[in-house]
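Residue-level structural notes
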Amino acid sequence: FYFLILFWASIVHADVNIKTTTKNDKTVYLLQVGAFPHQKNAEELQKNLTHSLKQPVLIYRPDIKSPYIVQVGPIDDFEHARELKKKIEQMVEAK
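Residues numbered from 1 in each chain as written. Predicted model: local features only at pLDDT ≥ 70, side-chain atom pairs only at ≥ 80, totals over all residues. Heavy atoms only, no water.

Description of helix 2 (residues 39–53)
With 15 residues, helix 2 extends 21 Å between its outermost C-alpha atoms, agreeing within 8% with the 21 Å of an ideal straight helix rising 1.5 Å per residue. Taken together, the buried positions of helix 2 are Asn41, Ala42, Leu45, Asn48, Leu49 and Leu53. Down the axis of helix 2, the sector holding all buried residues measures 130 degrees, keeping them to one side. Structural note: helix 2 exposes Lys40, Lys47 and His51 on the side pointing more than 90 degrees away from its buried face. In the stretch just after helix 2, lysine 54 is the one whose phi turns positive, near 55 degrees. (Helix = DSSP H or I, 4+ residues; strand = E, 2+ residues; numbered from the N terminus. Expected span 1.5 Å × (residues − 1). Buried < 20%, exposed > 50% of the residue type's maximum accessible area, 1.4 Å probe, protein only. Arc of directions from axis to C-beta.)

And the structure:
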């Protein structure tokens, strides 16, 4: 848990946002947790969130000039996505 807190200091973008996408013709939700200039930091957050949340955590980089974006999901249920968002925000506030 403490490792998670340390990495929030190096995040480019720290707001947790719920994004929607479509998977198999069904709406699913992704939580955008952070964006990092360095892949190592994104991977460390991915590891910690995977352990803390027991959810899939993905890293993607849209292009070479973009930061590494960390997302939780996909999540099938909007209410569950909101609960996870709140849990992540509480983890950040605890720092």
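Description of the nonpolar core
Across soluble globular proteins, nonpolar side chains show a tendency to be buried alongside one another. Membership of the largest hydrophobic core comes to 17 residues, with the highest contact counts inside it found for Leu31, Val33, Leu49, Val70, Val72, Ile75 and Ile88. Secondary structure elements with two or more residues in this core: strand 2 (26–36), helix 2, strand 4 (68–75) and helix 3 (78–93). Leaving out residues up to four positions away in the same chain, isoleucine 75 has contacts with Val28, Tyr29, Leu31, Gln55, His80, Ala81 and Leu84. (Core = buried A, V, L, I, M, F, W, Y, C linked by side-chain atoms within 4.5 Å. Contact = heavy atoms within 4.5 Å.)

Some thoughts on the pattern of salt bridges
For the structure on display, the rule yields 2 salt bridges. A salt bridge links glutamate 79 to arginine 82; the shortest N-O distance between them is 4.0 Å. Residue glutamate 79 and its partner arginine 82 are located together in helix 3, separated by 3 residues, close to a single helical turn. Judged by its relative accessible area of 44%, arginine 82 falls in the partly exposed class. Residue lysine 85 is joined to glutamate 89 by a salt bridge in which the shortest nitrogen-to-oxygen separation is 2.5 Å. Note that lysine 85 and glutamate 89 are positioned in helix 3 at a spacing of 4 residues, about one turn of the helix. On the accessibility criterion, lysine 85 (21% relative accessible area) is partly exposed. (Salt bridge = Lys/Arg side-chain N within 4 Å of Asp/Glu carboxyl O.)

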